[in-house]
Amino acid sequence: MKRSLTASAAAIGLLAGAAQGQDLRFPVGEGAFNWDSYNSYADSHDYSGASLSIEGPWTGSDKDLVDSVIAYFNEATGADVRYSGSDSFENDFVIAAEAGTPPDMAVFPQPGLAADMAQRGYLEPLADGTGDWVRENYAAGESWVDLGTFEGPEGEEDLYGFFYKIDVKSLVWYVPEAFDEMGYEVPETMEELKALTEQIVEDGETPWCIGLGSGAATGWPATDWVEDMMLRTADPSVYDQWVTNEIPFNDEAVVNAIEEFGWFAKNPDFVEGGPDAVASTDFRDSPSGLFTLPPECYMHKQATFIPTFFPEGTEMGLDVDFFYFPAYEEQDLGRPVLGAGTLFAKTVDTDVAQGFLEFLQTPIAHEIWMAQSGFLTPYTEVNTEVFPTDVQRNLNEILTDATTFRFDGSDLMPGEIGAGAFWSGMVDYTTGADAETVAQDIQDRWDQIQ
């Protein structure tokens, strides 16, 4: 039986929370959540007796978190939605789809596989109007529509993917106390970031710690730098053409972005240990220089996951903080953000599948996960008060302030390029090769696989 709750009745709220039992992480009607969105949805959707299977890459604690969101859908509608996660989701989904036994919905960790599955006819387009909703309610909404739009089996383009749970890569980490001691201010433009880099050198210090090491995946951190620089030196349409090879890898815009990364990484005065150390230092160890006394470096560019590798006991927002990797003021390209994320897609066109996608368009479907951990959203109507820390709130603000969002480019390229030649080429460049040669070598490899 579905249940709803009027926001004005606190006493009823307590009863409803008790009645819903332990399946609901937060009692309905309590806290800063947008319960009106839950009540309105519950009043207008009834899927009693219907079931829905969802599969995706979330396992362990992430599975528990998505289950905590799904519980509210089940409670509101009477449906039985069940999620199962797998570390080998990509392979599992392809096998199931080809065998005619896919889940009703899938959570794809990157658009590439979803695009392939849509083209092969294994996915159903989202309902008319979904794209308009995304444009109106997600920051940089057109970017999210573009990222979720794929060609179908007949070559026609439709919106197939609804993005949910995003990661941000356009971040620079620093130690506030170290900045304060030297009188440094957080830069707001790329021009100011480069000036700060030079000022730190003038002060006899080293500005950056950068590490590209990652075992067989060595080089990938440099690709993030280049992708961020592409978004800060060229129109987003050029970025899109680059990741699909509509423009060659040795295009002037790409070479320029590589050299923009080199401005930071190839100057021995700018990076701890010099360029050779950049190429050989493991990315997990590279931020450690922020925390030494005296600091071995003052800044480190990396995504939202990097605090996992900070010293034990590091307090976010106090011992370390972050700022947006800024854009060039002179380029007038807005506030682009590079990142990654997951998208929901459906393989069946049923009422309950459509209803679940409509549920993802309610603030409560985002706020339940936001209030726990590890969740960022471009949805501008959520109440950010539910975030448990200012750090998470500030991270999300970078996402909602974005004027353009683009997915990690190397993840969109063919594996032999994005997870091969691009990685190794950036190591070669960092250790001495010139950008034109490296870009040409990568393009030559791309030509070979086409």
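Reading the values: rules and limits
Residues numbered from 1 in each chain as written. Predicted model: local features only at pLDDT ≥ 70, side-chain atom pairs only at ≥ 80, totals over all residues. Heavy atoms only, no water. Helix = DSSP H or I, 4+ residues; strand = E, 2+ residues; numbered from the N terminus. Rg over C-alpha atoms; globule rule 2.2 N^0.38 Å. Buried < 20%, exposed > 50% of the residue type's maximum accessible area, 1.4 Å probe, protein only. Contact = heavy atoms within 4.5 Å. Areas by Shrake-Rupley, 256 points an atom, 1.4 Å probe, with all protein chains shown as cover. Lys, Arg positive; Asp, Glu negative; His and termini not counted. Charge placed at Lys NZ, Arg CZ, Asp CG, Glu CD. Pairing = 2+ DSSP bridges. Axes fitted to C-alpha atoms, helices over the stretch in contact; angles between N-to-C directions. Disulfide = S-S within 2.5 Å. Core = buried A, V, L, I, M, F, W, Y, C linked by side-chain atoms within 4.5 Å. pLDDT = per-residue confidence, 0-100. Polar contact = N/O pair within 3.5 Å; in protein donor to acceptor, adjacent residues only side chain to side chain. Salt bridge = Lys/Arg side-chain N within 4 Å of Asp/Glu carboxyl O. Parallel < 35°, antiparallel > 145°, perpendicular 65-115°, else oblique. Left-handed = near helix turned anticlockwise from the far one by under 90°. Nonpolar A, V, L, I, M, F, W, Y, C, P; charged D, E, K, R; others polar.

Is there a simple way to think about the overall build of the protein chain in this case?
Secondary structure summary: the protein chain contains 19 helices and eleven strands in total. Its C-alpha atoms give the protein chain a radius of gyration of 23 Å, near enough to 22 Å, the size a compact globule of 450 residues would have. Its C-alpha atoms give the protein chain principal-axis dimensions of about 65 × 55 × 35 Å. Considering the protein chain as a whole, with its 450 residues, one finds that 55% of them fall into the buried category. Pairs at least 24 apart in sequence give 74% of the contacts found in the protein chain among residues at least 6 apart. Carbon together with sulfur atoms contributes 45% to the accessible area of the protein chain, which is approximately 18,300 Å² in total. Charge separation in the protein chain, taken as the distance between the mean sites of 19 positive and 81 negative side-chain charges, equals 6 Å.

Even after reading the chapter, I still don't get the pairing of strand 6 (residues 162–168), so can you show me in this structure?
Of all seven residues in strand 6, six are buried; the element is thus mostly enclosed. Where strand 6 lies against strand 10 (residues 336–346), six bridges are found, and the strand directions are antiparallel. Each residue of the ladder has a partner; that of Phe163, found in strand 10, is Leu343.

Looking at this structure, I do not really get the sheet that holds strand 7 (residues 171–174). What am I missing?
Whenever strands of a sheet pair, they do so through backbone hydrogen bonds, lying parallel or antiparallel. What the three strands build is an open sheet, ordered 8-7-9; its pairing is antiparallel. Lying at the two open borders of the sheet, with one neighbouring strand each, are strand 8 (300–301) and strand 9 (321–324). Both strand 7 and strand 8 contribute to a ladder of two bridges, which runs antiparallel. Of the residues in strand 8, the one forming a bridge with Val172 is Lys301. Packing against the sheet, helix 16 (residues 390–400) makes contact with strand 7 and strand 9, and its axis sits at approximately 10° to strand 9.

Mind showing me how you'd approach the state of the cysteines here?
Note on terminology: disulfide describes a covalent bond linking the sulfur atoms of two cysteines. Within this structure, the stated rule accounts for one disulfide. Here Cys209 is linked by a disulfide to Cys297, with a sulfur-sulfur distance of 2.1 Å. Disulfide Cys209-Cys297: the torsion about the S-S bond is -105°, which places it as left-handed. One end of the pair, Cys209, is in the loop between helix 9 (190–202) and helix 10 (220–233); the other, Cys297, is in the loop between helix 13 (274–280) and strand 8, with 88 residues separating them in the sequence. According to the relative accessible area criterion, Cys297 is buried, its value standing at 1%.

I tried to follow the nonpolar core on my own but got confused; where do I start?
Nonpolar side chains in soluble globular proteins tend to end up buried together. Counting 149 residues, the largest nonpolar core has Phe108, Trp242, Phe249, Met299, Phe344 and Phe356 as its most contacted members. Beyond its immediate stretch of four places on either side in the chain, Phe108 contacts Phe89, Phe93, Leu113, Ala114, Met117, Leu123, Gly341, Thr342, Leu343 and Ala345.

Quick question: what am I supposed to make of unusual backbone geometry here?
Backbone phi values are negative for most residues with the exception of glycine, while trans is the configuration of most peptide bonds. Residue Leu293 is joined to Pro294 through a cis peptide bond whose omega torsion reads -5°. With respect to the element layout, Pro294 can be found in the loop between helix 13 and strand 8. For Ala140, which is not glycine, the phi dihedral falls at a positive 55°. Among the structural elements, Ala140 can be located in the loop between helix 6 (130–137) and helix 7 (141–148). Using a relative accessible area of 13% as the deciding quantity, one classes Ala140 as buried.

What exactly am I supposed to notice about the confidence of the model for the protein chain here?
Segments scoring low in pLDDT should not have their predicted coordinates read at a detailed level. For the protein chain, per-residue confidence averages 94 on the pLDDT scale, and residues scoring 70 or more make up 95% of the total. Low pLDDT (under 50) marks residues 1–22, which in the prediction has 35 contacts with non-local residues, meaning those over four places away or in another chain.

In this structure, what is going on with the side chain of Asn137? I would like to understand it.
Note on placement: Asn137 falls in helix 6. Take Asn137: its relative accessible area is 13%, and that puts it in the buried class. A distance of 2.9 Å separates the side chain of Asn137 from the backbone oxygen of Trp133, its partner in a polar contact.

Would you explain the pattern of salt bridges in this entry?
One side chain can pair with another of opposite charge once the charged atoms of both are near each other. Counting across every chain of the model gives 16 salt bridges. With its nearest N and O atoms 2.6 Å apart, the salt bridge here joins Lys63 to Asp67. One end of the pair, Lys63, and the other, Asp67, are both in helix 3 (residues 60–77), four residues apart, so they sit about a helical turn from each other. In this structure Asp67 comes out as partly exposed when scored by relative accessible area, which is 27%. Ionic pairing is found between Asp224 and Lys169, a salt bridge with its closest N-O pair at 3.4 Å. Taken as a pair, Asp224 in helix 10 and Lys169 in the loop between strand 6 and strand 7 lie far apart in primary sequence, 55 residues in all. Residue Asp224 is classed as buried on the basis of its relative accessible area, which comes to 3%. Each member of the salt-bridge network shares a partner with another, and the members are Glu98, Asp116 and Arg120.

Can you help me understand the packing of helix 10 against helix 12 (residues 252–265) in this one?
A packed helix pair is summarised by two numbers, namely the angle formed by the two axes and the spacing between the axes. Packing of helix 10 against helix 12 leaves a shortest axis separation of 8 Å and a crossing angle of 120°. Between helix 10 and helix 12, the crossing angle belongs to the class labelled oblique. The handedness of the crossing between helix 10 and helix 12 comes out as right-handed. Where helix 10 abuts helix 12, its residues Ala222, Trp225, Val226, Met229, Met230 and Thr233 lie against Ala253, Val254, Asn256, Ala257, Ile258, Glu260, Phe261 and Phe264. By residue class, the composition of the contact of helix 10 with helix 12 is eleven nonpolar, two polar and one charged.

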